[in-house]
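Here is how the chains run, residue by residue.
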Amino acid sequence: MKAAYLWMLLLVMPFCLAEWLSPHDPARQYRDYASVGPRCGEPCFLLGTDGFGRDVWSRTLHRGRVSLMAGLAAALLATCVGGLAGALAGYAGGWVDEVLARPAEVSQALPWLYLLLAVRAALPLSMEAEWTWLVLVGMLGVMGAAGPFRVARQVVRAAWEGDAVRAARGFGLTRARILRTHLLPAAYGPLRAQ
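Asker: Describe a nonpolar patch on the surface, and please don't skip the residues or the numbers.
Answerer: Together, Leu6, Trp7, Leu9, Leu10, Met13, Leu17, Trp20 and Leu21 line one region of the surface with nonpolar side chains, adding up to about 880 Å² of accessible area. Every element with two or more residues in the nonpolar patch is listed here: helix 1 (2-16) and helix 2 (18-21). Per-element accounting of the nonpolar patch gives the leading share, five residues, to helix 1. The topology assignment puts Leu9 in helix 1.

Asker: With reference to specific residues and values, describe the pattern of salt bridges.
Answerer: Enumeration over the complete set of coordinates arrives at eight salt bridges. Asp50 is the partner of Arg54 in a salt bridge, and the nearest nitrogen-oxygen pair spans 2.9 Å. Among the salt bridges present, the one from Glu105 reaches Arg102, with a minimum N-O distance of 2.7 Å. Highlighted residues: Glu105 and Arg102, both in helix 4 (residues 94-109), separated by three residues, approximately one helical turn. Overall, the relative accessible area of 43% leaves Glu105 in the partly exposed class. Of the residues examined, Arg102 reaches a relative accessible area of 38% and is grouped as partly exposed. Taken together, the shared-partner salt bridges connect Asp50, Arg54 and Arg59 into one network.

Calculation rules
- Residues numbered from 1 in each chain as written.
- Predicted model: local features only at pLDDT ≥ 70, side-chain atom pairs only at ≥ 80, totals over all residues.
- Heavy atoms only, no water.
- Patch = residues over 30% accessible without salt bridge, like charges linked within 9 Å, V, L, I, M, F, W, Y side chains within 5 Å.
- Areas by Shrake-Rupley, 256 points an atom, 1.4 Å probe, with all protein chains shown as cover.
- Salt bridge = Lys/Arg side-chain N within 4 Å of Asp/Glu carboxyl O.
- Helix = DSSP H or I, 4+ residues; strand = E, 2+ residues; numbered from the N terminus.
- Buried < 20%, exposed > 50% of the residue type's maximum accessible area, 1.4 Å probe, protein only.

Note that every value here comes from positions in space, so none of it alone points to a role or purpose.
Shown next as structure tokens:
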């Protein structure tokens, strides 16, 4: 398990240290070297340049941070939204479970890529990059909430029907205290893995 964290850290570190590892400004154009392959010389381009003469390695490092932040924010949003809705559905059961389960099933049936492309096409082109990023993260977070929803619902439902919760109800603990002391801690580990 520690080796996996080490590999993840080694994979993420270049993007975090992009300011120091990138040899060129990612927006600077070297027009004399447009669309060249990797070359070491003066100037040195580790992965070559794009059609405008910008260093591909520098752009990859700097833009990778944006992608990592978007993925992390979308995963956190999906886990929070899906986990809370799933815990509520597993705890309440009945019609609440039915109402909350339908959007999760629909989101799993929809093709994500086409939906994201359609939403982006519907947004105005003059929209600022920050707002576009927030819309993208929100869409990915909502569409990805189905997995954590199902996990949390199943774990909370299994814990609700388990012996520990039956004993707690037999001792007269309130539903809120059972939720706080038995059900939410049972869902914490699987949701953290999500």
